[in-house]
Amino acid sequence: MAEKRNIFLIGPMGAGKGTIGRQLAQQLNMEFFDSDQEIERRTGADLGWVFDVEGEDGFRDREEKVINELIEKQGIVLATGAGSIKVRETRNRLSARGIVVYLETTIEKQLVRMHRDKKRSFSKVEALPREIIETFSHECNLLYKEIADISIRTDEQSTKVIINKIINMLESI
């Protein structure tokens, strides 16, 4: 990639956006941001608390502002919050400002990864019933596919393999 274009990672919780994004940015010598971590940094509180206090609409407004600010930068890799694509304006801006990479995963893998991740911002994530994750998946999977320039499954591949595949796909765009 002669010109460093923004790369935006989208997908559900547990797809690997943060892990893959951090290492992808390092490999491409780009700056990495995670919209969820940025919200936590700015509010001084974890996402679960912000979500509980502000509700989903308030949280999405805050998330949209953070993402809009971050995507104005040039040459970044951004891991977006799982539900950020619910807002049409956010989807449109992501599509217009960079290459959107959809990290796909199964509900089973999401459950395993979310249970294993002790640093997950949503402290109650282990308590999320499978039905809630399935509903979220049903609501969001079509939106992810709608704006993705690249889609890649993260289930049975190492982070290194996924990053190499993304880099190869980016070079062909």
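Everything below is about the structure shown above.
As the structure is a computational prediction, the values presented were derived from the model and not from experiment.

## Digging into the sheet that holds strand β4 (residues 98-104)
If you walk across this open sheet you meet the 5 strands as β2-β3-β1-β4-β5, and the pairing is parallel. Looking at the sheet topology across the chains shown, the edges are occupied by β2 (31-34) and β5 (150-153). Here the average twist between neighbouring strands, direction ignored, is 20°. As paired strands, β2 and strand β3 (residues 76-79) are joined by 4 bridges and run parallel to one another. Paired with Phe-33 across the bridge in β3 is Leu-78.

## Remarks on the packing of helix α2 (residues 35-43) against helix α3 (residues 47-70)
At a minimum axis separation of 9 Å, α2 and α3 run at an interaxial angle of 110°. In this view, α2 runs roughly perpendicular relative to α3, as classed from their interaxial angle. Like other packed secondary-structure pairs, α2 and α3 cross with a definite hand, here right-handed. Contacts between α2 and α3 pair Ser-35, Asp-36, Glu-38, Ile-39, Glu-40, Arg-42 and Thr-43 from the former with Leu-47, Val-50, Phe-59, Arg-62, Glu-63, Val-66, Ile-67, Glu-69 and Leu-70 from the latter.

## Regarding empty space enclosed by the protein
This model, assessed by the stated rule, comprises 1 cavity of 30 Å³ or more. Within this model, the largest cavity holds a volume of roughly 40 Å³. Forming the boundary of the largest cavity are Pro-12, Tyr-102, Thr-105, Ile-107, Gln-110, Ser-137 and Asn-141. For the lining of the largest cavity, the secondary-structure elements that each account for two or more residues are α5 (107-116) and α6 (130-147). Taken together, the residues of the lining of the largest cavity sort by class into 3 nonpolar, 4 polar and no charged.

## Some thoughts on the pairing of β4
The element β4 is extensively covered by neighbouring structure, given that 7 of its 7 residues are classed as buried. Across 5 bridges, strand β1 (residues 6-10) lies against β4 in parallel orientation. Looking across to β4, one finds that Leu-9 is bridged to Val-101.

## Quick look at unusual backbone geometry
A positive phi angle is found at Asn-29, which is not glycine, with a value near 55°. The residue Asn-29 is located in the loop between α1 (17-28) and β2 in this model.

## With respect to helix α7 (residues 159-171)
Its 13 residues give α7 an end-to-end C-alpha distance of 18 Å, which sits within 8% of 18 Å, the value for a rise of 1.5 Å per residue. Residues of α7 that are buried include every one of Ile-162, Ile-163, Ile-166, Ile-167 and Leu-170, and no others. One side of α7 carries all its buried residues, which in axial view fall inside an arc of 135°. Among the exposed residues of α7, those pointing more than 90 degrees away from its buried face are Lys-160, Asn-168 and Glu-171. For α7, the elements touching its buried residues are β1, α1, β4 and β5.

## Thoughts on the environment of Phe-59
Here Phe-59 is to be found in helix α3. Among the residues examined, Phe-59 registers a relative accessible area of 2% and is labelled buried. Ignoring anything within four residues of it in the chain, the contact list for Phe-59 reads Asp-36, Ile-39, Leu-47, Val-50, Phe-51 and Glu-54.

## Points about the nonpolar core
Core analysis: the biggest nonpolar cluster contains 25 residues, and Phe-8, Ile-10, Leu-78, Ile-85, Leu-94 and Tyr-144 have the highest contact counts within it. Contributions of two or more residues to this core are made by β1, α3, β3, β4 and α6. A total of 6 residues in this core trace back to one element, the largest contributor, which is α3. Grouped together as the second largest cluster of nonpolar side chains are 20 residues, Ile-7, Leu-24, Val-101 and Ile-150 included.

The rules we used
Along each chain, residues carry numbers from 1 onward, in the same order as the chain's sequence is written. The predicted origin of the model limits local features to residues at a pLDDT of at least 70 and limits the giving and counting of side-chain atom pairs to 80 or more, whereas totals for whole chains, interfaces and linings rest on all residues. The side-chain numbers reported here are obtained from all heavy atoms of the structure, hydrogens and water having been left aside. In this analysis, strands are considered paired if DSSP registers two or more bridges between them. Helix and strand definitions follow DSSP, with helices as H or I runs of at least four residues and strands as E runs of at least two, each counted in order from the N terminus. Inter-axis angles, ranging from 0 to 180 degrees, are taken between N-to-C directions of lines fitted to C-alpha atoms, where helices are fitted over the stretch in contact. Oblique is the label for every angle not falling under 35 degrees (roughly parallel), over 145 degrees (roughly antiparallel), or within 65 to 115 degrees (roughly perpendicular). Handedness of each helix crossing follows the sense of rotation of the near helix against the far helix: counterclockwise by less than a right angle gives left-handed, clockwise gives right-handed. Whether two residues touch is decided by their heavy atoms; if any such pair falls within 4.5 Å, the residues are in contact. A 1.4 Å probe that fits but cannot get out identifies a cavity on a 1 Å grid over protein atoms alone, an open set with protein on both sides within 12 Å along at least five of seven lines counts as a pocket, and a residue lines either if it has an atom within 4 Å of a point. Grid points are joined across faces, edges and corners, and a volume is the space filled by probe spheres set on the points. Classification used: nonpolar for Ala, Val, Leu, Ile, Met, Phe, Trp, Tyr, Cys and Pro, charged for Asp, Glu, Lys and Arg, polar for all others including Gly. Throughout, exposure labels follow a simple rule: accessible area from a 1.4 Å probe, protein chains only, divided by the maximum for the residue type, with under 20% read as buried, over 50% as exposed, and the rest as partly exposed. A helix is expected to reach a length of 1.5 Å times the quantity of its residues less one. When we speak of the arc, we mean the arc of directions from the helix axis to the C-beta atoms. What we call a nonpolar core is a set of buried Ala, Val, Leu, Ile, Met, Phe, Trp, Tyr and Cys residues that are connected through their side-chain atoms within 4.5 Å.

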